[in-house]
Amino acid sequence: MHKKLLLTLVLASTTLLPLSAAAVIIDFDNISTGSFTGPASEDGFTYSLLSGALRGDASNGNPGGNMQGDQRAGGVLSIARMGGGRFTFDGTDIASFEAFGIDVLFEGLLLGTVVGSDTFTTSFPPPPSSSPPSFDRWSTHSSSGLAGIAIDELRVDLFGDGAGDRSAWAAVDNIVLTAVTGDPGNDVPEPTSLALLALGVAGAAARRRRRRA
């Protein structure tokens with residue numbers, strides 16, 4: 001009886017806990033070159049400019065399109081599920097133009113509160129001054145600080161600095177996201193809810209035992 005009760009509790013609790021769907025990749029391959037404000041959508045997600053200035057680039061990604069911080073001041077990209085709901089951030093590609101060692105910040109939010117972050121640094125030096133500018137020095141990074149954390153918004157802070165003789169800015173491509181399925185909006189099951197569920201199942205089992213007696 002105890003084993004049957006435990007199995008019932010496990011099966012019932014899994015109906016409340018979120019499940020992960022297959023990962024998708026935001027690759028910006030349909031983006032147009034030029035100033036970007038959005039919103040735009042890909043594979044069940046929507047993204048748009050949150051602050052600053054961003055620039056779409058249709059041809060210098062890894063491969064295909066990419067999103068860049070505007071070279072004068074940079075900008076922040078906001079990503080969320082279409083229609084709302086939670087997801088996880090799993091990894092991305094980043095690059096920088098005319099500079100290296102540039103930090104790209106990824107912040108995960110849930111219900112408007114930051115719940116974790118990842119900072120990745122571009123590690124490849126720029127091409128020699130005799131070479132044409134290029135974004136072909138991409139690096140791939142996996143989520144660490146945000147790994148496995150359910151969020152409902154991802155913010156990507158893309159550096160841009162137009163000061164000095166040479167501008168420098170960061171770019172992002174191939175953002176890997178996994179939607180949380182069976183998610184009733186942004187309501188996270190609380191321990192109290194699971195405890196009440198356990199009491200209900202235990203009570204039902206007790207009533208069955210009394211009837212059999």
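Computed from a prediction, not measured in an experiment: that's the story for all the values here.

S.K.: Any chance you could break down the confidence of the model for the protein for me, citing the residues and the numbers?
M.R.: In the predicted model, the protein carries a mean pLDDT of 78, and 66% of its residues have values of at least 70. Confidence over residues 1-17 falls short of pLDDT 50; this stretch has 16 contacts with residues more than four positions distant or in other chains. Residue range residues 185-190 is modelled with pLDDT below 50. Its contacts to residues more than four positions away, or to other chains, number 11 contacts.

S.K.: How would you sum up the sheet that holds strand S9 (residues 103-110)? Please name residues and give values.
M.R.: Spatially, the 6 strands line up as an open sheet ordered S3-S4-S7-S12-S9-S10, and their pairing is antiparallel. For this open sheet the edge positions go to strand S3 (40-42) and strand S10 (113-121), each flanked by a neighbour on one side alone. Geometrically, the sheet is characterised by an average inter-axis angle of 25° between neighbouring strands, direction not taken into account. As paired elements, strand S4 (residues 45-52) and strand S7 (residues 75-81) share 7 bridges and run antiparallel to each other. Pairing of Ser48 across the sheet is with Ser78, part of S7.

S.K.: Give me the pattern of salt bridges: which residues, what numbers.
M.R.: Applying the stated rule across the entire model yields 1 salt bridge. Glu153 is the partner of Arg155 in a salt bridge, and the nearest nitrogen-oxygen pair spans 3.0 Å. Residue classification places Glu153 among the buried residues on the basis of a relative accessible area of 14%.

S.K.: For the pairing of strand S14 (residues 168-181), give the residues involved together with the corresponding values.
M.R.: Counting buried positions along S14 yields 12 of 14 residues, so the element is predominantly enclosed. Alignment of strand S6 (residues 66-69) against S14, held across 2 bridges, turns out to be antiparallel. Bridge pairing in S14 links Met67 to Val172. Two elements, strand S8 (residues 87-97) and S14, share 9 bridges in a ladder whose sense is antiparallel.

Here is what the cut-offs are and how they apply
- Residues numbered from 1 in each chain as written.
- Predicted model: local features only at pLDDT ≥ 70, side-chain atom pairs only at ≥ 80, totals over all residues.
- Heavy atoms only, no water.
- pLDDT = per-residue confidence, 0-100.
- Contact = heavy atoms within 4.5 Å.
- Pairing = 2+ DSSP bridges.
- Helix = DSSP H or I, 4+ residues; strand = E, 2+ residues; numbered from the N terminus.
- Axes fitted to C-alpha atoms, helices over the stretch in contact; angles between N-to-C directions.
- Salt bridge = Lys/Arg side-chain N within 4 Å of Asp/Glu carboxyl O.
- Buried < 20%, exposed > 50% of the residue type's maximum accessible area, 1.4 Å probe, protein only.

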